[in-house]
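Chain by chain, the residues run as shown.
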Amino acid sequence: MSAVRCVDLCKTYRQGDQDIKALDHVDLEISDGGFVCLSAPSGGGKTTLLNAIGGLDKPDTGEVWIAEQRIDQMSKGELAALRLSQIGFVFQAYNLIPVLSARENIEFVMQVQGQPTALRRDKAMAILREVGLAGLEDRRPAEMSGGQQQRVAVARAIVSRPALVLADEPTANLDSTTSDGLMALFVDLNQNHNTTFVIATHDQRVMGYAKRLIRMLDGKIVDDIDQQAA
Amino acid sequence: MKVVQISFLLASRNLWRNYRRTIIMLVAISVGAWAMIFMTALMRGMVNEMLRDGIRSLPGLVQVHNSAYRDDPSINNLVSMTDIEIETTFAAAGIERYATRVRVPAIISSERESRGVTLLGVDPLRERSIEAVGSVIAEGRGLESIDDNGIVIGKKLAGKLDTEIGKRIVLMSQDPDNEVADRGFRVVGLFEANLAAQEEAFVFAGRTVVQKMLGIDGRVSEIALTGDDYRNVELLLADTRRLMDGRDEVLSWQELDTFLGTMLGVMDGFVLVWIVVIFLALSFGLVNTLVMAVFERVREIGLMLALGMRPSGIMLQIIFESLLLLMLGLSIGNALAYASVIPLKDGLDISVVAEGMEMFGAASVLYPEIQVNDVVLANVVVLTLGLIASLSPAWRASRYEPVKAITKV
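These numbers were taken from a predicted model, which means no experiment stands behind them.

Peer 1: What exactly am I supposed to notice about the overall build of chain B here?
Peer 2: Counting its secondary structure elements, chain B contains 15 helices and 12 strands. Relative to its length of 409 residues, chain B is extended, with a C-alpha radius of gyration of 31 Å against a globular reference of 22 Å. In terms of overall dimensions, chain B has a C-alpha envelope of 100 × 45 × 30 Å along the principal axes. The buried share of chain B, reckoned over its 409 residues, is 45%.

Below is the structure:
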């Protein structure tokens, strides 16, 4: 079964007098348990593709399917429910909620899902230990470094064990050791929990972890490499 | 339920994020709420005092008269029952707070001046139970019985007549045969009233003495009955009508004095208008605060939507924030209003403008009265309108496109 399927996706942005093709007839299928890196120069279309897959942005034409559900025609409410139950996001910037502590940020998705307090607290504390932030659970984002904030964002994305994790430059603000630790966590989730990962990155080290590497240019897929076979 | 919890948590934390703005808004809401409640308490105090004075001068909450008396308040239009029949009937019905009175127009003359007054022949013991004008004796003594030969007049009237306690005056009226009926009385007491006009208008003598003077033994002009609450006279009115059995006219104070009667309704309407006007001034600040709060948090709102929070959850957050702000401001405003009224429980002297106030029946001392109904009304109106005002920013926030909101700089 495919975790993600995109059929003939097109998306054009207007920038001044120019039309920019962010996605140009993109076809893509990612199977369950896939570990895919999207690589492209800035403006190449990888973030637009991630947003379309996550239901955050609607393509101008084409179809997006997540776990055999067509999402490009869903309402806002249906998309919110889908994201809440099936997709974990790590965004390019830190994107934590400033008035919540690290633990509360991690618990946010689980709380919206309606998980019991004790259960989500245990899960949050466990994931904080896994990402190396034990003892910082009561700190608010402003009291943490950029790397710590990024780890909290990653922890929030994976804590409820979503079927699909979409990450946009997840290691952009991390040192190499932390970056390796984080990627090891992703690999573990991918191998042991069959979580599908789609990661947009410039980082060669991150690309090295991927089973499949997709290169984009000007909104088109120009290369699709099965790294396991290679 | 969990969404409600997280929305409430976020709202309460966000409220203090820009604490200066929150404090300024809290001050505005508190002062607004204080102004609504305190000014309403002053107006209520003034109107209630006007009503009480009006009811004292009627007096009573319900009165019984001959059906022709209101058109012609003369000695010929007397209550159909004698004073003894009235006592028996009312005693059997368990009604105790009433007074029977003879009320006729008369001329009072001292050795120097004459003036037109209303002569009241009263039973002093019963009169105390109906809290009528004339009960506060400033000098001398009050009437002691229905046979008391003395007369009690107002202090102002004594001044106008240039008379004093111990001096004699003459009262002149008409008997049922339209003959002059007059009698000399010795002034035994001077009463004080809240309104100077009342001190000039009424003179009190023993009921039997006045009945003899006018040749109407055992007959009275009116029966005045009172109760505990001037807002609630229906039961007393119905009981009295049943007792009188259609023989005489039984009217409530609102029917007897329509000006007084309409004051309550007018006051209630005025309070509501006053509250809404103050709220309208507040609402600009409130909406501005919420719009700014939403504008500053566009990325977070986008993030929450992206993570799967429904638009209704975002709306709830903004509404909770508004609600918390309003409730906090209202609590402070209510406390301030009560704190401002406590030191004024002995009255606020406005004698500087009392002459003007008397023109519409208000006394020179105001006793602010905070009524629970008014406090509830002010709070409910502010909360309801506040929530309505916050719907627009809340709706806007919930309509953001996550991807646009997240990337907003």
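Peer 1: Any chance you could explain the overall build of chain A here in plain terms?
Peer 2: Within chain A, the regular secondary structure consists of seven helices and 10 strands. Relative to a compact globule of 230 residues, whose C-alpha radius of gyration would be 17 Å, chain A shows 17 Å and is just as compact. The principal-axis extent of the C-alpha atoms belonging to chain A is close to 45 × 40 × 40 Å. Out of the 230 residues in chain A, the part that is buried amounts to 47%. Within chain A, residue pairs in contact and separated by at least 24 positions form 68% of the contacts whose partners lie at least 6 positions apart.

Peer 1: When you look at the interface of chain A and chain B in this model, what are you seeing that I'm missing?
Peer 2: It is common to report an interface's size as the accessible area lost on association of the parts. Each partner contributes to the interface: chain A provides 19 residues, whereas chain B provides 21 residues. The element that contributes the greatest number of residues to the side of chain A that touches chain B is helix α2 (residues 76-86) of chain A, accounting for six residues. Of the residues belonging to the side of chain A that touches chain B, the class tally is 11 nonpolar, five polar and three charged.

Peer 1: Looking at this structure, how should I read the confidence of the model for chain B?
Peer 2: Low-pLDDT portions of the prediction should not be read for the details of their coordinates. Confidence along chain B averages 87 in pLDDT terms, with 95% of residues attaining 70 or more. Across the predicted assembly, pTM comes out at 0.73 and ipTM at 0.90.

Peer 1: What am I meant to see in the sheet that holds strand β7 (residues 164-168) of chain A here?
Peer 2: Pairing between the strands of a sheet comes from backbone hydrogen bonds, and it takes one of two forms, parallel or antiparallel. Residues and elements named next belong to chain A. What the six strands build is an open sheet, ordered β6-β7-β8-β3-β9-β10; its pairing is mixed. Among the strands making up the open sheet, the edge pair consists of β6 (87-90) and β10 (220-226). Neighbouring strand axes in the sheet, compared pairwise and without regard to direction, differ in orientation by 15° on average. Examined bridge by bridge, β7 and strand β8 (residues 196-200) share five bridges and lie parallel to one another. Directly across from L164, in β8, lies its bridge partner T196. Along the sheet, helix α1 (residues 46-53) makes contact with β3 (35-39), β7, β8 and β9 (212-217), crossing β8 at roughly 150°.

Peer 1: Quick question: what am I supposed to make of the nonpolar core here?
Peer 2: Soluble globular proteins tend to bury their nonpolar side chains together. Judged by nonpolar contacts, the single largest core of 183 residues is most densely connected at L38 and V198 of chain A together with I37, I151 and V203 of chain B. Ranked by residue count, the leading element in this core is helix α2 (residues 19-57) of chain B, at 15 residues. Taken domain by domain, this core gets at least three of its residues from each of domain 1 (2-54 + 261-406) and domain 2 (60-256) of chain B. The residues touching V203 of chain B, leaving out its near neighbours within four places in the chain, are I108, V117, L119, L120, I151 and I153 of chain B.

Peer 1: Got a minute to help me understand the sheet that holds strand β2 (residues 18-31) of chain A in this structure?
Peer 2: Residues and elements named next belong to chain A. If you trace the four strands from one edge of the open sheet to the other, you get β2-β1-β4-β5, paired in antiparallel fashion. Edge strands, defined here as strands with exactly one partner in the open sheet, are β2 and β5 (69-70). Bridge count for strand β1 (residues 2-15) against strand β4 (residues 61-66) is five bridges, and the pairing is antiparallel. Looking at β4, one finds that C6 is bridged to V64.

Peer 1: For this particular structure, what's the right way to read unusual backbone geometry?
Peer 2: Generally, phi is negative for residues other than glycine and the peptide bonds are trans, each holding for most cases. For D218 of chain A, which is not a glycine, the phi torsion comes out positive at approximately 50°. Secondary-structure assignment places D218 of chain A in the loop between β9 and β10. Even without being glycine, D162 of chain B reaches a positive phi, approximately 55°. Tracing the chain through its elements places D162 of chain B in the loop between α5 (155-161) and β6 (168-174).

Peer 1: Which parts of the structure should I look at to understand the packing of α2 of chain B against helix α10 (residues 258-296) of chain B?
Peer 2: All names here are of chain B. One way to put it is that α2 packs onto α10 with a least axis distance of 10 Å and a crossing angle of 175°. It follows that α2 is roughly antiparallel to α10 by the angle criterion. Tallied by class, the residues present in the contact of α2 with α10 amount to 20 nonpolar, five polar and one charged.

Peer 1: Would you take a moment to explain the environment of A172 of chain A for this structure?
Peer 2: The residue A172 of chain A is located in the loop between β7 and α6 (176-193) in this model. C-alpha separation for the pair A172 of chain A and A93 of chain A, spaced 79 residues apart in sequence, amounts to 8.8 Å.

Peer 1: I keep staring at the environment of A163 of chain A and nothing clicks. Help me out?
Peer 2: Residue and element names in this part refer to chain A. Along the chain, A163 turns up in the loop between α5 (146-158) and β7. A sequence separation of 33 residues divides A163 from T196, and the C-alpha atoms of the two residues are 6.1 Å apart. Other than its neighbours up to four places away in sequence, A163 contacts A3, A67, Q86, T195 and T196.

Peer 1: Just checking my understanding: could you explain helix α14 (residues 372-398) of chain B for this structure?
Peer 2: Given 3.6 residues per turn, any residue in an α-helix points the same way as the ones three and four places further on. All names here are of chain B. Taking 1.5 Å of rise per residue, 27 residues should cover 39 Å, and α14 covers 37 Å from first to last C-alpha, within 8% of that figure. At L391, α14 is bent by approximately 35°, the largest bend along its length, and proline P393 sits one to four residues beyond. Buried residues of α14: D374, V375, A378, N379, V382, G386, A389, S390, P393, A394, A397 and S398, and no others. Against α2, α10, α11 (298-306) and α12 (311-341) lie the buried residues of α14.

Peer 1: When you look at the confidence of the model for chain A in this model, what are you seeing that I'm missing?
Peer 2: For chain A, the average pLDDT comes to 90, and 99% of its residues sit at 70 or higher. Ranking the helices and strands of chain A by mean pLDDT puts β8 of chain A first, with 95, and α6 of chain A last, with 87.

Peer 1: What is the right way to look at the pairing of β6 of chain B in this model?
Peer 2: Both faces of the sheet carry side chains from a regular strand, because those side chains alternate between them. Residues and elements named next belong to chain B. Side chains of β6 alternate between two faces, with I169, L171 and S173 buried and R168, V170, M172 and Q174 left unburied. The pairing of strand β2 (residues 98-109) with β6 spans three bridges and is classified as antiparallel. Considered in β6, the bridge of I108 is made with L171. Examined bridge by bridge, β6 and strand β7 (residues 180-191) share seven bridges and lie antiparallel to one another. Paired with V170 across the two strands is G184, which belongs to β7. Between β6 and β7, which follow one another and run antiparallel, lie five residues, and N178 among them has a positive phi close to 65°.

Peer 1: Teacher, can you tell me more about the environment of A378 of chain B here?
Peer 2: All names here are of chain B. You can see A378 is positioned in helix α14. Put simply, A378 and V4 are 374 residues apart on the chain and 27 Å apart in space, counted from C-alpha to C-alpha. For A378, the contacting residues outside a window of four places in its chain are A33, M36, I37 and I275.

Rules of the game
- Residues numbered from 1 in each chain as written.
- Chains lettered and ligands numbered in written order.
- Predicted model: local features only at pLDDT ≥ 70, side-chain atom pairs only at ≥ 80, totals over all residues.
- Helix = DSSP H or I, 4+ residues; strand = E, 2+ residues; numbered from the N terminus.
- Rg over C-alpha atoms; globule rule 2.2 N^0.38 Å.
- Buried ≥ 20, exposed ≤ 12 C-beta atoms within 10 Å, placed from the backbone.
- Contact = placed C-beta atoms within 7 Å.
- Nonpolar A, V, L, I, M, F, W, Y, C, P; charged D, E, K, R; others polar.
- pLDDT = per-residue confidence, 0-100.
- Pairing = 2+ DSSP bridges.
- Axes fitted to C-alpha atoms, helices over the stretch in contact; angles between N-to-C directions.
- Core = buried A, V, L, I, M, F, W, Y, C linked by C-beta atoms within 7 Å.
- Domains from an automatic or database assignment.
- Parallel < 35°, antiparallel > 145°, perpendicular 65-115°, else oblique.
- Expected span 1.5 Å × (residues − 1).
- Bend = angle between axes of the 7 residues up to and from the residue.

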